[in-house]
Structure formats: C-alpha cells, structure tokens
Amino acid sequence: MKGALATVVLLLLSMAAFGQSSNTKVYRIRPDDILRIQVYGEAQVNVEIPVGEDGSISAPFVGSFNVEGKTTGEVEAELTKAYQDRLRLRDPKVSVTFARYRPTRASIGGAVARPGQYEFRPGDTILSLIHQGGDPIEGQADQHRAVLHHQGSDEAIPIDLYSMLRRGDLSQNYELEDGDQLEVPVDNRNQVKILGFVQKPGLYAYREPMTLADALSQAGGEIPTRSMMSRVMIQREMPGAPGTFLQIRADFVRYEHGDASQNVELQPNDFIYVPATNTPDINTIANVVNAAFYIQNVLRGGIFGLRLFH
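Please read all numbers here as calculations on a predicted model, not as lab measurements.

Calculation rules
Residues numbered from 1 in each chain as written. Predicted model: local features only at pLDDT ≥ 70, side-chain atom pairs only at ≥ 80, totals over all residues. Heavy atoms only, no water. Helix = DSSP H or I, 4+ residues; strand = E, 2+ residues; numbered from the N terminus. Buried < 20%, exposed > 50% of the residue type's maximum accessible area, 1.4 Å probe, protein only. Contact = heavy atoms within 4.5 Å. Patch = residues over 30% accessible without salt bridge, like charges linked within 9 Å, V, L, I, M, F, W, Y side chains within 5 Å. Areas by Shrake-Rupley, 256 points an atom, 1.4 Å probe, with all protein chains shown as cover. Salt bridge = Lys/Arg side-chain N within 4 Å of Asp/Glu carboxyl O. Lys, Arg positive; Asp, Glu negative; His and termini not counted. Charge placed at Lys NZ, Arg CZ, Asp CG, Glu CD. Phe/Tyr/Trp six-rings, centres within 6.5 Å; stacked < 30°, edge-to-face > 60°. Pairing = 2+ DSSP bridges. Polar contact = N/O pair within 3.5 Å; in protein donor to acceptor, adjacent residues only side chain to side chain. Core = buried A, V, L, I, M, F, W, Y, C linked by side-chain atoms within 4.5 Å. Axes fitted to C-alpha atoms, helices over the stretch in contact; angles between N-to-C directions. 1 Å grid on protein atoms, 1.4 Å probe; cavity = no way out; pocket = protein on both sides within 12 Å on 5 of 7 lines; lining within 4 Å. Points joined across faces, edges and corners; volume = space filled by probe spheres on them. Nonpolar A, V, L, I, M, F, W, Y, C, P; charged D, E, K, R; others polar.

Novice: I would appreciate a short explanation of the overall build of the protein in the present structure.
Specialist: Across its full length, the protein carries seven helices and 15 strands. When burial is assessed residue by residue, the protein has 33% of its 310 residues classed as buried. Sequence-distant contacts in the protein: of pairs separated by 6 or more residues, those separated by 24 or more amount to 51%.

Rendered as structure tokens:
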C-alpha cells in the first residue's frame, strides 16, 4: 500500500513539474551574454567567456563553438563531447551557466512623458515599460490605440492601455521581448489648436465642456497691444463633410465686458486663431520714429541725438 501511495505521489509531482516546465519560457543564449564554463577537477577550465556578435564562443582548449539560440544544457552536451574527443577526458563534468545576461531593451514612443529606450529584466511586461516611460500624457495620448511591434516582425499588435491602466484588465500585459517597440499615438480627435497672437500657441487637450475662454487661458491669454481679441476666429469642420469648415467669429472684448454669448463652446478639433491688432503699439511707434529722426539728423550733419519718446 505504501509503495502504491509513493508511486502516486511521484507521479503527481512529475506531472506538476512537467506542467510548470511547459509553461516556463526557456532562455536561449544571445550575443553579448557572458557564459561561465567550468569542468570539475580541471582548474584550468574555469573561465567567463562573452558570446560574440556572430553568436560564437572560444572555449578553452577545444576552439570555437556557435552557441546562439541554444540553451546552456545543449552547450554543456556539446562541450562534454568535445572534451572527451579532443582532450581524452573520460567523464568530464562540464558546467555552463550565465555570468551575466545581455542587457535587454525595449522602446516606448509617442505621447508619453519620457519616450526612449529602456533596459528590462526577464519577466518584465508592457506595464513596466509604460511606467519607465513616464506613463501616457493625460489629455494627449490615445490610450485605446497603442501598438506593439516585435523586432523583425511587421505585425502591429493592438494594445488598449486605457483598459489596462484604468480598469485593471491585464489580458494584454504581454511579457516584453528584446527589441520591442510600443507606440502610444497622440489623440488628435480630442484637441484644440490655438495659433496667432497668444502667449503660448499650440495644441491643447480638449476636456468637455470647454469654452473659448478656457482655451485662451491655457494658451496664456493675449499679448498686450498686439492681439486683436475682438476678432477671434474659430474654424470647425462640418460633421459628415470632410474638408468643409464653419467659421465662427467671436468678440472676446465684448465677452470680457459681460456678453457671455461671445464665449463660444468649443468642440474637439476646433482651430482658434487670434489675429494681430491693426494699430502698432506705442513702443513700436517710438522705436520707428526715433530711428527715423536719428538718421535724418546724421544725414544733415547734426551732432545731437534727440528722442521723441521715452
């Protein structure tokens, strides 16, 4: 009875081990890995050897071997046979282990805080790469349409970062592979563009509800004496008619004096332009007049420079 029970236990343990090993990804040797080769009882064979760019190593006393793509166990078997055949060792106990793994790198680009290439450890996932890249930029990143590319493959693997980061859905949190590239696109559908005479022209995230006053505030507001705030132009693409635009004029000066109707409610992709004033500011006038007056006096042989404006 005890023997039968022991047999069952051994069978269960071996099944568990098989299941575990079948789910474990075997690491295979790559260029720039550093291998430690030892032969028990042979002190002269105790070295650390880098794997060359061609995937080969130069093992002590037995020459060159190609090891790229192989496991350490497979290399141990090859070296054992080589030491038996070439050095006439009867039963060499060869050990091949990793002294250091080649740095593995993946890159992240697009609308993230710190785009670039990052090292990762075996077992790291897309989530760790996202955090290394500083996470998607709120209001700018299209988190539903990220794309993963494996090195040497043309396949574009869609990744829904919104579900991963906001809903805790880790079904697409794949384990990273060397050379992976994750691209987080800019969400052009939820932005407004502000150009012209404002302090900080550029693209700004659209957050519903958003008004003209909100957008101008994000852009730093007007440039004193240069912005014509009474003739702000908003251009909006017509629904269902690509390439056809509605032009909306807004008198922001009237809004600042209490006319709320001029504070237009914006829509995603609106284009806002603040034109320049038609009247030059007093400093510009002063500079022009002073320069003209100075040149006139020089031409006339005058020796005193007079300034009209201070």
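Having seen it, we continue.
Novice: Looking at this structure, how should I read a negative patch on the surface?
Specialist: Taken together, the side chains of D32, E53, D54 and E68 present a region of like negative charge at the surface. Relative to the elements of secondary structure, E53 occurs in the loop between strand 2 (42-50) and strand 3 (56-59).

Novice: Just to check I follow, could you spell out the packing of aromatic side chains for this structure?
Specialist: How two aromatic rings sit relative to each other is given by the distance of their centres and the angle of their planes. According to the stated counting rule, one finds four aromatic pairs in the structure shown. Ring centres of F98 and Y101 lie 4.6 Å apart, and the angle between their planes is 25 degrees; on these two criteria the pair is classed as stacked. Overall, Y101 belongs to the partly exposed group, its relative accessible area being 42%. Measuring from centroid to centroid gives 5.0 Å for F252 and Y255, while their planes differ by 40 degrees, and the two rings are tilted. Pair noted here: F252 and Y255 are both in helix 6 (residues 252-256), with a separation of three residues, about one helical turn.

Novice: In this structure, what is going on with the pairing of strand 2? I would like to understand it.
Specialist: Each regular strand displays side chains that alternate between the two surfaces of the sheet. Two elements, strand 1 (residues 34-39) and strand 2, share six bridges in a ladder whose sense is antiparallel. Bridge pairing in strand 2 places I34 opposite P50. Hairpin connection from strand 1 to strand 2: two residues lie between these consecutive antiparallel strands, with G41 at a positive phi of about 85 degrees.

Novice: How do you make sense of the environment of S163 when you look at a structure like this?
Specialist: For S163, the position within the fold is in helix 4 (residues 161-166). Separated by 19 residues in sequence, S163 and H144 place their C-alpha atoms 7.7 Å apart. The contacts of S163, once residues within four sequence positions are left out, are G168 and D169. Within the structure, the side chain of S163 is placed 3.0 Å from the side chain of D160, a separation counted as a polar contact.

Novice: What is the right way to read the nonpolar core from this model?
Specialist: As a rule of thumb, nonpolar side chains are buried together in soluble globular proteins. Counting 21 residues, the largest nonpolar core has L212, V232, L266 and I272 as its most contacted members. Looking at this core, the elements that each hand over two or more residues are strand 11 (191-196), helix 5 (212-218), strand 13 (232-237), strand 14 (245-250) and strand 15 (271-274).

Novice: In this structure, what is going on with the sheet that holds strand 13? I would like to understand it.
Specialist: Strands pair in a sheet through their backbones, by hydrogen bonds, and they do so in one of two ways: parallel or antiparallel. As summarised here, the arrangement of the five strands in space is 12-11-15-13-14, forming an open sheet in which the pairing is mixed. Sheet topology places strand 12 (202-205) and strand 14 at the edges, where each strand pairs with a single neighbour. If you compare each strand with its neighbour and ignore which way they point, the axes differ by 25 degrees on average. Strand direction decides the pairing type here: strand 11 and strand 15, joined by four bridges, are parallel. Counterpart to I194 in the pairing with strand 15 is I272.

Novice: It is not clear to me how the layout of surface pockets should be interpreted in this structure. Could you clarify?
Specialist: A water-sized probe rolled over the atoms picks out the places where empty space is left. In this structure, the second largest pocket occupies an estimated 250 Å³ of space. Lining the second largest pocket are 14 residues, and of these E138, G139, A141, D187 and N190 lie nearest its centre. Here the lining of the second largest pocket is composed, by residue class, of three nonpolar, five polar and six charged.

Novice: How should the pattern of salt bridges be read in this particular structure?
Specialist: Two side chains with opposite charge may pair up if their charged atoms get near one another. Tallying each qualifying case throughout the model produces twelve salt bridges. Note that R254 and D259 form a salt bridge whose closest N and O atoms lie 2.7 Å from each other. The structure contains a network of salt bridges with shared partners spanning R30, R102 and D178.

Novice: Help me understand the sheet that holds strand 5 (residues 94-100) in this model?
Specialist: A sheet is described by the order of its strands in space; here three strands give the open sequence 2-1-5, paired in antiparallel fashion. Of all strands in the sheet, those bounded by a partner on one side alone are strand 2 and strand 5. Strand-to-strand, the axes of this sheet are offset by a mean angle of 20 degrees, without reference to chain direction. Across the sheet, helix 2 (residues 72-87) is in contact with strand 1, strand 2 and strand 5; its angle to strand 5 comes to roughly 135 degrees.

Novice: Can you help me understand the side chain of Q143 in this one?
Specialist: Structurally, Q143 can be placed in the loop between helix 3 (126-132) and strand 8 (146-149). Under the relative-accessibility criterion, Q143 is labelled buried at 8%. When near neighbours in sequence (up to four residues on either side) are disregarded, Q143 contacts P136, E138, I159, D160, L161, Y162, L165 and R166.

Novice: I would appreciate a short explanation of unusual backbone geometry in the present structure.
Specialist: Trans is the common state for peptide bonds, and a negative phi is the common state for residues other than glycine. The phi dihedral of D135 falls on the positive side, at around 70 degrees, and the residue is not glycine. Along the chain, D135 falls in the loop between helix 3 and strand 8. Of the residues examined, D135 reaches a relative accessible area of 29% and is grouped as partly exposed. One non-glycine residue, T225, adopts positive backbone phi at about 70 degrees. Relative to the assigned elements, T225 resides in the loop between helix 5 and strand 13.

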